[in-house]
Amino acid sequence: MKLMLIAIILSVGLIQCNSSSDNSTIADEKNYTANDIEGNWTLINTEIIEEKQSIAQYNETAEPEIIREWSPPVYVDGDGILRPHSEKYYLSSIYPDMDIREDSIYKFNYPIELVQRNAYVIDSSLLKIGDNPKGKIINLSSNKDTLKISYLDIYGLYLEETYQKTTYNDSILDILKLYKTNFPLLAGTWKLIREEDVGWGQTYRLIFPYEIPDSIVLTEEELITSLFSDRSCQMMTDDKKRKYFLAYDGAELQLIPDDWYDPYTWYLYGEGDNPYIHFRRIDEE
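Residues numbered from 1 in each chain as written. Predicted model: local features only at pLDDT ≥ 70, side-chain atom pairs only at ≥ 80, totals over all residues. Heavy atoms only, no water.

This part takes up the sheet that holds strand E7 (residues 126–129). In spatial order, the strands read E1-E4-E5-E6-E7-E8-E9-E10; together these 8 strands close into a barrel with antiparallel pairing. When strand polarity is set aside, the average angle formed by the axes of neighbouring strands in this sheet is 35°. Across 4 bridges, the pairing between strand E6 (residues 113–123) and E7 is antiparallel. Bridging from a neighbouring strand, Val121 pairs with Lys128 of E7. (Pairing = 2+ DSSP bridges. Helix = DSSP H or I, 4+ residues; strand = E, 2+ residues; numbered from the N terminus. Axes fitted to C-alpha atoms, helices over the stretch in contact; angles between N-to-C directions.)

This part takes up the packing of aromatic side chains. Applying the stated criterion to the full structure yields 11 aromatic pairs. Every member of this aromatic cluster is reached through a ring pair, and the members are Phe208, Tyr210, Tyr244, Trp260 and Tyr261. For the cation-ring pair, Lys136 lies above Tyr151, with the distance from its terminal atom to the ring centre recorded as 4.1 Å. Seen from the ring of Tyr106, Lys177 lies directly overhead, with NZ or CZ sitting 4.2 Å from the centre. (Phe/Tyr/Trp six-rings, centres within 6.5 Å; stacked < 30°, edge-to-face > 60°. Lys NZ or Arg CZ within 6 Å of the ring centre and 35° of its normal.)

Moving on: the side chain of Ser104. Assignment of secondary structure puts Ser104 in strand E5 (residues 104–109). Here Arg117 takes part through its side chain, which lies 2.8 Å from a polar atom of the side chain of Ser104. Aside from chain neighbours lying at most four places away, what touches Ser104 is Asp99, Arg117, Asn118, Ala119 and Tyr120. (Polar contact = N/O pair within 3.5 Å; in protein donor to acceptor, adjacent residues only side chain to side chain. Contact = heavy atoms within 4.5 Å.)

Right, dumping it as structure tokens:
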């Protein structure tokens, strides 16, 4: 009888402990809303959380027909830990800034370039972006000036991004959201890239059947004018001024020939359907 009484007491005690534990878990669970993370943010740190990585996901990304060193850009070291081939490259971001408004997240490199806009929803402490059903875990500091976003990336590395609250100029944000590029900031001298090592064992070579200059100068005045027209410029091509549309991507100016250049010609020269001519700002070299 005593043994039965002891068993009942222990059972009740375990139930109470479990109940207490469950309540504690519920109490600790974060429940964020869109209002909590709305505003301007800039990335200040990205780190790899080794204990949460996934070797299985890494194995799924392997492509046997491609040299393993480049596919994927991570590897398993002698201790069985996933490492990027270049941590500096892997953890850097050329689009470190965010503007979160209502139901949208804008990613950009302030103040010059907007790269994407995605819809999002918040489910408790999960941030679900676009059509991706997998959520990223968010954690907001008590004073709401630091936002951590952590997730398992496609290669099996678990990343934690830390963002600091900041303030951006609304007029500049409006230009970026309308045109994706703050074109007046492209004023200056740009050097033509004829050949360049682009990393991961690949080399870019310009293939273009016309003579073009080694550099181009864009003025703020013409760029402001282009903002209200078709965002184009003129460049000497075989000793004749030709029209090119302006684009910008990750510190590179890109010129795209107007319809005077037959896209089929581009195919013949082996460049697919992306007739971009690349330039880099001289003062950035």
